[in-house]
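# Observations on chain architecture
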Protein chains: 2
Amino acid sequence: MASVTLKDVSKVAGVSYATVSRAVSGSPEISEETRRRILKICKEMGYTPNSIARSMVKRCTNILGLIVPSLNNPFMSELTADLEIYARNRGYNLMVCNSSYDHDLELEVFSLLIGRQVDGVIMIPVGHEPYDSLSALTRQVPTVFISENMQNYPENYVSVDNFRGMQIATEYLCSLGHREILYFGARSDSKTHELRLEGYLSSCEKLGLAPHVLRSSYSRSSREVGYTLASDYFSRPRQETAILCSADMLAIGVKQAAYEAGIRIPKDVSLMGFDNISFSALPEIDLTTINQPTQQMATSAVDMLLDHIRDPEAAHTRLILPPSLIERKSCRPIKA
Amino acid sequence: MASVTLKDVSKVAGVSYATVSRAVSGSPEISEETRRRILKICKEMGYTPNSIARSMVKRCTNILGLIVPSLNNPFMSELTADLEIYARNRGYNLMVCNSSYDHDLELEVFSLLIGRQVDGVIMIPVGHEPYDSLSALTRQVPTVFISENMQNYPENYVSVDNFRGMQIATEYLCSLGHREILYFGARSDSKTHELRLEGYLSSCEKLGLAPHVLRSSYSRSSREVGYTLASDYFSRPRQETAILCSADMLAIGVKQAAYEAGIRIPKDVSLMGFDNISFSALPEIDLTTINQPTQQMATSAVDMLLDHIRDPEAAHTRLILPPSLIERKSCRPIKA
DNA sequence: CTGTTTTACGCAAACGTTTACGTTACCTGT
DNA sequence: ACAGGTAACGTAAACGTTTGCGTAAAACAG
C-alpha cells in the first residue's frame, strides 16, 4: 500500500522532484519534451499525487462539507445527490454528515468539518439555532444554507419562496371551495416553516378564512410524525375539509393515518403537501403539492459557495426561487 | 480565516509546540498540570487541530470513501445514512460519491478517492465489472463491498443471502397457490441479481413450476425502469398470476403501470418486491417483500473495513446475512 | 549521599507537496 | 562579441503536525 511519491519518480527520471511536480501540475515552466517524458514515467510507476500534501501547502482541500438532517427524507437525499454530482463536476468532493435533526449534533459536526479543513460548508439546518453559536462557526468558513431562509442574518442562502408557496397552496384549496383548511406542520423553530405558516395565515386573512393550525412538537418532518399526529386528529370530531401539510412526508403520514381511520382522500378530505418529492407522483399517493426546484437549488448553492470561497470578503448572497403548484388527485372541489 | 496553529499556542504558553501537541493529542508524556494549562489556552485562542497536517505525518486520514449508484433509491440512501452515522461514531468521516449506475464513473471516482488518500472504501457496486480494472483499485486500499456478492473474488463483502431470499419469496407465492410466477428483474450483470434470479429458478425447479423471466436492459432498479417495462408487459396477453420483482423500487413502478392499465393488485395479480424499503410499508403500497437487514449490514461493513485497515494483510471476510419475509397485502391466495 | 530510573519537556526530522528564488545555458538584437 | 533577456531546471523553505531521541531535573533505591 506504500504509494510512489514525487521523489521516487524524480530519481527514475533523473530530475529534481520540483520538475516532476511542474510536469504533473501543468506548470508552464517546463519544456514539453521533459513533461511528456516525466508523465510517461509517472504512468509506468503508477504515481498518484497525494492530495493531502497538496492541501497542506496550497491551504485548500477541495472538499466541501454537507450537513443534512436526514437522508431518509427523499427531498433531502435527492438534494444531496444533486449537490454531490454538481460539486464533483466542479472539482470538489463532499463530506456528508447527518445531523439527525439534532441542534447540538449539527453544531458538533460543523466544527468537526472545520477541523477537517473543508473549503466550505453547505447546510440544511434543522431549524433556527441560537444564532451566536452558529455564526461563531460560519465566520470560520464560507457557508451557504440551503432550503432555509436566513433573511435576518448575514448569511448566504438559497431557498424556495416558502411564504409564496403556501399562499399558492392556500389559494388553490380555496379556489376549490374549501373554507376550513387545517394547516398541519412541524414545529416552527425554523424560518422556513415559520414562513410557510405565515404564507398560509396571510392567505387566510386575504381570503377571509378562519385559520386552523395543528403543529407537531417535533421539528422532524417525517412520515412517522405525520402519522402519529394525524391519527390523533382523526380520532376526534373535526370540521376541516382540507389538510395542508408543511411537507410531503408529513402528508404521506397523514394519508396513512386517514387510511387506517377509514377516511378517504380526496373524497372525505383533501390533502396537500409541500416539496414535491418523487414518491408523491406515484398513482397511489398522487399528492397535490408545491414544487421545490431542487436541482436548481443544488447547483446555485454550489456556485454560490464556490464564489464565496474564491472571494471570502464578498457580500452575502440570497437566492429565493419560485415555487410552483403541482396539481394531482389528492384534492377535490367541494360544493359551497 | 487564518487559523491558529500549535506554534501560536506554544508561544503564548511558553512551551515548545511539541508539548502543545502532546497536550491536545492526549499523550501520556506530559504532566497533568501543564496539560490543563495548555488546553485552557487552546480554548481561549480557539485552536482547532489541523487534521490535514496530522494526516500528513500519521499517514492516515480517518476518511472513508463511499461509492453508491444512486441516492434516489431509498434502500441506498437509508444505507448511506446508517453507514455515515456509525462510521462517524467510530471516528471516521465519509466522502460520498454517486456512481450514477455507470461502470466507468464508478472506477473513476474510486481512483479519485484513492488520490484523496481515504483509509478505506465502501462500495455498493453497479454490477460486475471486468474484475481486472476493479482489483487494480482494491489492491491499493482496503475495500468492502456491500449488498453485492463477490464470492468468486478475494474481496470483503457483506450482503444479504440473495439466493435464499428469492427462494423464500418464490416458496411463499407458491404456497399461496401461484403456479405461474413472473420474475421481473434488472439486467443481471451483478452477482446480486444473478443470485436472486437463481434463487427463483431453483425454487421453480424444486416446486415444479415453469419459470417466466422478464429482464430489463438497464441495470438500474428504479421506479421508471419498472414502470416502462411493466407498461409494455401489461399491454400484451399474459398468463402469470404473480409478479416477483428483484427490487421494491421496481415493484413500485410495476404497481404504477398496473394501476394505469386498470389491473388491480392483489386482486388481478399478486406482486412482491425485495429490499423492504420504508415506503413499501405505506398502506397505499403495502408491498409484501423480502427484508434486508440494512442497519446490520451498515455496521458490519464499517467494522469489517476498519478491521482491514488495522490489518491490511488479514484474510478476506465475507458476511452473508439472513433475509426474512415481510408479509403485507400485495399478494393473495388463488384457488387451485 | 550516590547511582539509577523515571518524568517532563525541548529539538529536530519527517510526511509529500508547491513555489519563490537562484542559477545555469541558450537565444536575441545590435 | 557582448549585454540583456528568457527558458528550463535545481535548491530549499514552507505548510502544521507527530514522534524518536536527547537531556535536565526529579524521584527513587540502596
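Cut-offs applied
- Residues numbered from 1 in each chain as written.
- Chains lettered and ligands numbered in written order.
- Predicted model: local features only at pLDDT ≥ 70, side-chain atom pairs only at ≥ 80, totals over all residues.
- Heavy atoms only, no water.
- Helix = DSSP H or I, 4+ residues; strand = E, 2+ residues; numbered from the N terminus.
- Expected span 1.5 Å × (residues − 1).
- Buried < 20%, exposed > 50% of the residue type's maximum accessible area, 1.4 Å probe, protein only.
- Contact = heavy atoms within 4.5 Å.
- Axes fitted to C-alpha atoms, helices over the stretch in contact; angles between N-to-C directions.
- Parallel < 35°, antiparallel > 145°, perpendicular 65-115°, else oblique.
- Left-handed = near helix turned anticlockwise from the far one by under 90°.
- 1 Å grid on protein atoms, 1.4 Å probe; cavity = no way out; pocket = protein on both sides within 12 Å on 5 of 7 lines; lining within 4 Å.
- Points joined across faces, edges and corners; volume = space filled by probe spheres on them.
- Nonpolar A, V, L, I, M, F, W, Y, C, P; charged D, E, K, R; others polar.
- Near = heavy atom within 4 Å.
- Polar contact = N/O pair within 3.5 Å; in protein donor to acceptor, adjacent residues only side chain to side chain.

### Structural notes on helix 11 (residues 248-260) of chain B
Residues and elements named next belong to chain B. Here helix 11 is 13 residues long and its end C-alpha atoms lie 18 Å apart, about the 18 Å a rise of 1.5 Å per residue gives. Among the 13 residues of helix 11, 11 are classified as buried, and the element is accordingly described as predominantly covered. Of all the positions in helix 11, only Asp248, Met249, Leu250, Ala251, Ile252, Gly253, Val254, Lys255, Gln256, Ala257 and Ala258 are classed as buried. Where the residues of helix 11 are buried, they touch helix 5 (74-89), strand 6 (181-185), helix 10 (223-234), strand 8 (242-245), strand 9 (270-272) and strand 10 (289-291). The positive-phi residue at the C-terminal boundary of helix 11 is Gly262, with phi of around 80°.

### Concerning the packing of helix 1 (residues 6-13) of chain B against helix 3 (residues 32-45) of chain B
Two numbers describe a pair of packed helices, the interaxial angle and the distance between the axes. All names here are of chain B. Contact pair helix 1 / helix 3: the axes reach a minimum separation of 10 Å and the direction vectors enclose 120°. In terms of orientation, helix 1 and helix 3 fall into the oblique class. As helix 1 runs across helix 3, the sense of the crossing is right-handed. Between helix 1 and helix 3, the contacting residues are Asp8, Val9, Val12 and Ala13 on the first element and Arg37, Ile38, Ile41, Cys42 and Met45 on the second.

### With respect to empty space enclosed by the protein
A complete count under the given rule lists 6 cavities of 30 Å³ or more for this structure. Approximately 250 Å³ is the volume attributed to the largest cavity. Those elements giving two or more residues to the lining of the largest cavity turn out to be helix 5 (74-89) and helix 9 (191-207) of chain A. The calculated volume of the second largest cavity comes to roughly 210 Å³. Along the wall of the second largest cavity there are 20 residues; nearest its centre are Met76(B), Ser147(B), Thr192(B), His193(B) and Ser221(B). Elements supplying a minimum of two residues to the lining of the second largest cavity: helix 5 and helix 9 (191-207) of chain B. For the lining of the second largest cavity, the element with the highest residue contribution is helix 9 of chain B, accounting for 3 residues. Within the lining of the second largest cavity, the residues separate by chemical class into 8 nonpolar, 9 polar and 3 charged.

### Comments concerning the packing of helix 8 (residues 162-175) of chain B against helix 9 of chain B
Residues and elements named next belong to chain B. Relative orientation of the contacting elements helix 8 and helix 9 amounts to 40°, with a least axis distance of 7 Å. Classed by the angle they form, the pair helix 8 and helix 9 counts as oblique. As helix 8 runs across helix 9, the sense of the crossing is right-handed. Here Asn162, Phe163, Met166, Gln167, Thr170, Glu171 and Cys174 of helix 8 come into contact with helix 9, specifically with Thr192, Leu195, Arg196, Glu198, Gly199, Tyr200, Ser202, Ser203, Cys204, Lys206 and Leu207.

### Here we look at the protein's contact with DNA strand D
In the region of DNA strand D, 27 residues are neighbours, and Thr19(A), Arg59(A), Leu6(B), Ser21(B) and Arg54(B) sit closest. For DNA strand D, a base nitrogen lies 2.8 Å from a polar atom in the side chain of Arg22(A). Counting only elements with at least two residues in the surface near DNA strand D, the list comes to helix 2 (17-24) and helix 4 (51-58) of chain A together with helix 2 (17-25) and helix 4 (51-58) of chain B. Across the surface near DNA strand D, the residue classes tally to 13 nonpolar, 8 polar and 6 charged.

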